[in-house]
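Here is what each chain is made of, one letter per residue.
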Amino acid sequence: MDKIRIAVRKFDPFESTLQKLWDAFCIENNIQVEAEMIPMELHDLYETTISKKGLKEGKWDIAHLNTDWIFDAVHEKAVQDLYTFIAENPPENYPYGWHKSLLHLQKLDNGTFGLPFHDGPECLIYRKDLFENKTEKENFKKQFGYELSTPKTWQEFVDIATFFNRPEENLYGTIFANYPDGHNMVFDFCLQLWTRGGSLINTKNQISIYSEAGIQALDFYRKIVNNKNAVHPKSREFGSVEAGLAFADGQAAMAINWFGFASMAEVIEESKVKGKIDITSLPSDPNHKTASLNVYWLYTIGSGSKHKKLAYDFLRFATTAESDKLLTKEGGIGCRKSTWKDEEINTLIPFYHKLEMLHENALTLPQTPIWPKVCEFIDHMVLKAINSDIPSAQLLEETQINIQKIE
């Protein structure tokens, strides 16, 4: 056998970890097989693995798939059910080594279609050095009349972002990932909706976004991302990775992003905010609860792979406690409870233990075959909102009609 092919989510920590793990796996098992690892952006990764049947036809043996896509992948018969493999030779401390929220989305049709690879729910990442600075606290109280602390409401979030927005210092109040990739703005909309007491699902278990909470969510979001006195000017060009790197470069006081980017800012050498950051729960509207979003990455095996046993053996190796910790030290987010509580990791990344708290408030997206299409509609709606004056209610109603056409 000449090589095994792996479709990789493009992100330096993923790429470096995977190469180190494959090299170690080959040495430990005394095998000489080359792994061809191709890093790809989100759209290309979905396209090549699922849309173009790369996993089903055996062009890819292993792929990073996120849980947004796993329903699609299973119903396209693109990914291998790992149930038998796990029953015969389970991963280390499976399933007890993981939080329950990281084990259910890949379980479909009585099968298990992936193992947790990288995680980190959405959270508020902030510069604790700025928030704890005595002068900043005094100046903030003079200007706004209340104590500076992490925002509990969305109005406080706007106040704080405005206060810390200092373009002359290359410091902005907050940063968003507004590049229209079918993901980041969809997630942002969902978070705005949930923290206002809204839901994506109605009483008939249908996707429903046209509501009072939906209007408030879209109104707020389009206003904040267009607020030049609070937001990084390059937000529209940024995906979540670029937004994370800009935060690590010290260009923002706050960011709503995946936990992984807070972790990354503590471990990458070029970070200018190492030791200066912390994370907390997202703000919410008064009288409503905070929320987080849990979308995680899986290791999956292609249903058409000719090397399934080797692929599974590698997945077992790549998900041990030691491998999980390596991913974290490289800048990704380990999924095991042992990593979250690890003393060395919490010395390196002092807020790492807070992952458990985020998981307690984490919601997930609907598992339905139409969700990828719904994502497109919501992405288009949010993009239209931030680029036009069309009322939010009208945009939501139009999008709801489009959703109903495909349900």
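Further up the page is the structure itself.
Calculation notes
- Residues numbered from 1 in each chain as written.
- Predicted model: local features only at pLDDT ≥ 70, side-chain atom pairs only at ≥ 80, totals over all residues.
- Heavy atoms only, no water.
- Helix = DSSP H or I, 4+ residues; strand = E, 2+ residues; numbered from the N terminus.
- Axes fitted to C-alpha atoms, helices over the stretch in contact; angles between N-to-C directions.
- Parallel < 35°, antiparallel > 145°, perpendicular 65-115°, else oblique.
- Left-handed = near helix turned anticlockwise from the far one by under 90°.
- Contact = heavy atoms within 4.5 Å.
- Nonpolar A, V, L, I, M, F, W, Y, C, P; charged D, E, K, R; others polar.
- Phe/Tyr/Trp six-rings, centres within 6.5 Å; stacked < 30°, edge-to-face > 60°.
- Buried < 20%, exposed > 50% of the residue type's maximum accessible area, 1.4 Å probe, protein only.
- Lys NZ or Arg CZ within 6 Å of the ring centre and 35° of its normal.
- Core = buried A, V, L, I, M, F, W, Y, C linked by side-chain atoms within 4.5 Å.
- Pairing = 2+ DSSP bridges.

(A) Seen up close, the environment of Leu293. Examined against the element boundaries, Leu293 turns out to sit in strand β11 (residues 292-293). Along the primary structure Leu293 and Lys134 are separated by 159 residues, whereas in three dimensions their C-alpha atoms are 33 Å apart.

(B) Looking closely at the packing of helix α8 (residues 184-194) against helix α9 (residues 212-225). Contact pair α8 / α9: the axes reach a minimum separation of 8 Å and the direction vectors enclose 125°. By the angle class used here, α8 and α9 are oblique. Every pair of crossing elements has a handedness; the one defined by α8 and α9 is right-handed. For the pair α8 and α9, the contacting residues are Met185, Asp188, Phe189, Gln192 and Leu193 in the first and Ala213, Gly214, Ala217, Leu218, Phe220 and Tyr221 in the second. Here the contact of α8 with α9 is built from residues that sort into eight nonpolar, two polar and one charged.

(C) Quick look at the packing of aromatic side chains. Evaluated as defined, the whole model comprises 24 aromatic pairs. Between Phe176 and Tyr221, the aromatic rings sit 5.6 Å apart at their centres with planes inclined by 85°, giving edge-to-face as the arrangement. Of this pair, Phe176 sits in the loop between β8 (172-175) and α8 while Tyr221 sits in helix α9, and the two are 45 residues apart along the sequence. Taking the relative accessible area as the measure of exposure, Phe176 reaches 2% and is therefore buried. Classification of Tyr221 by relative accessible area gives buried; the value is 1%. Every member of this aromatic cluster is reached through a ring pair, and the members are Tyr126, Phe131, Phe140, Phe144, Tyr146, Phe163 and Phe164. The side chain of Arg5 reaches across the aromatic face of Trp60, ending 4.1 Å from its centre. Here Arg336 stacks its cationic end above the ring of Trp98, 4.0 Å away from the centre of that ring.

(D) Geometry of the environment of Pro369. Its location among the elements puts Pro369 in the loop between β13 (362-363) and α17 (371-387). As a C-alpha pair, Pro369 and Asp72 span 297 residues in sequence and 6.0 Å in three-dimensional space. For Pro369, the contacting residues outside a window of four places in its chain are Phe71 and Asp72.

(E) View of the nonpolar core. Grouped together as the largest cluster of nonpolar side chains are 144 residues, with contacts concentrated most on Trp22, Phe189, Ile224 and Phe314. The element contributing the most residues to this core is α17, with nine residues. If near-sequence neighbours (up to four positions away) are discounted, Phe314 is found in contact with Ile6, Leu18, Leu21, Trp22, Phe25 and Ile62.

(F) How the structure looks around the sheet that holds strand β9 (residues 252-258). The strand order β8-β9-β7-β10 describes an open sheet built from four strands, whose pairing is mixed. Where the open sheet ends on each side, the last strands, each with one partner, are β8 and β10 (277-280). Sheet twist, expressed as the average angle between the axes of neighbouring strands with direction ignored, equals 20°. Relative to β9, β8 runs parallel, the two sharing three bridges. Paired with Thr174 across the two strands is Met254, which belongs to β9. The sheet contacts of helix α7 (residues 154-163) involve β7 (122-127), β8 and β9, and relative to β9 the element is tilted by about 135°.

(G) Fine view of unusual backbone geometry. Cis geometry is found at the peptide bond from Tyr94 to Pro95, where omega equals 0°. Mapped onto the secondary structure, Pro95 falls in the loop between α4 (83-88) and β4 (107-108). Within the chain, Asn30 stands out as a residue other than glycine whose phi angle is a positive 50°. Looking at where Asn30 falls in the secondary structure, it is placed in the loop between α1 (12-29) and β2 (34-40). For Asn93, which is not a glycine, the phi torsion comes out positive at approximately 55°. Mapped onto the fold, Asn93 is located in the loop between α4 and β4. The partly exposed category is assigned to Asn93, whose relative accessible area is 46%.

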